[in-house]
Amino acid sequence: MSKIRDYQQQVQDVIEKGINTVEKQHKTLAERPFELAEKVEQQAKSYSVKSVRAKHDDYANTAYETLRVWNQRLGDYANSLIGRFDKEAAPAEKQAEQKSASSAQSGAQKKSASSASKQSSGAKKSTGGAKKQTESQASA
């Protein structure tokens, strides 16, 4: 699941870089009209361009901060979903490991039982041969 977390982090980083790029471009583009407006303001004192500019900057900063918060919340939500999948995957992986270990253990028990059976039949053959030798020596 760590690959999913890596992808999630990469997506969030790309979104953050996109937000920063758009914010920088927006501020650069907005700079020129305000500079011109400030020059005009010197000639016409009926309104304050600086106050308009300040409001614009406040609104823009709020918008970009909201986008960053949204990106963080989205990342947190994705992280919680990934965590749920990790929790669900962990018991399944554990069961698979136990099943694998269990089948390996039962395979070892079968081999052990089979070799014990072979040894006991071999022992019978060897004792049977010994009995025959003893019988033949006794009759001779």
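Residues numbered from 1 in each chain as written. Predicted model: local features only at pLDDT ≥ 70, side-chain atom pairs only at ≥ 80, totals over all residues. Heavy atoms only, no water.

Draft legend 1. Just the side chain of Glu23, in detail. Within the secondary structure, Glu23 is located in helix H1 (residues 2–43). Overall, the relative accessible area of 14% leaves Glu23 in the buried class. Apart from residues no more than four positions distant in its own chain, Glu23 is found in contact with Asn61, Tyr64 and Arg68. (Helix = DSSP H or I, 4+ residues; strand = E, 2+ residues; numbered from the N terminus. Buried < 20%, exposed > 50% of the residue type's maximum accessible area, 1.4 Å probe, protein only. Contact = heavy atoms within 4.5 Å.)

Draft legend 2. View of the environment of Glu16. In this structure, Glu16 sits in helix H1. On the basis of relative accessible area, Glu16 is assigned to the partly exposed category, the value being 24%. Considered as a pair, Glu16 and Asn71 are 55 residues apart in the sequence and their alpha carbons are 7.5 Å apart. What Glu16 contacts, discounting residues up to four positions off in sequence, is Arg68 and Asn71.

Draft legend 3. Layout of the environment of Ser80. Summarising the element assignment, Ser80 is placed in helix H2 (residues 49–139). On the accessibility criterion, Ser80 (34% relative accessible area) is partly exposed. A distance of 2.7 Å separates a polar side-chain atom of Ser80 from the backbone oxygen of Tyr77. (Polar contact = N/O pair within 3.5 Å; in protein donor to acceptor, adjacent residues only side chain to side chain.)

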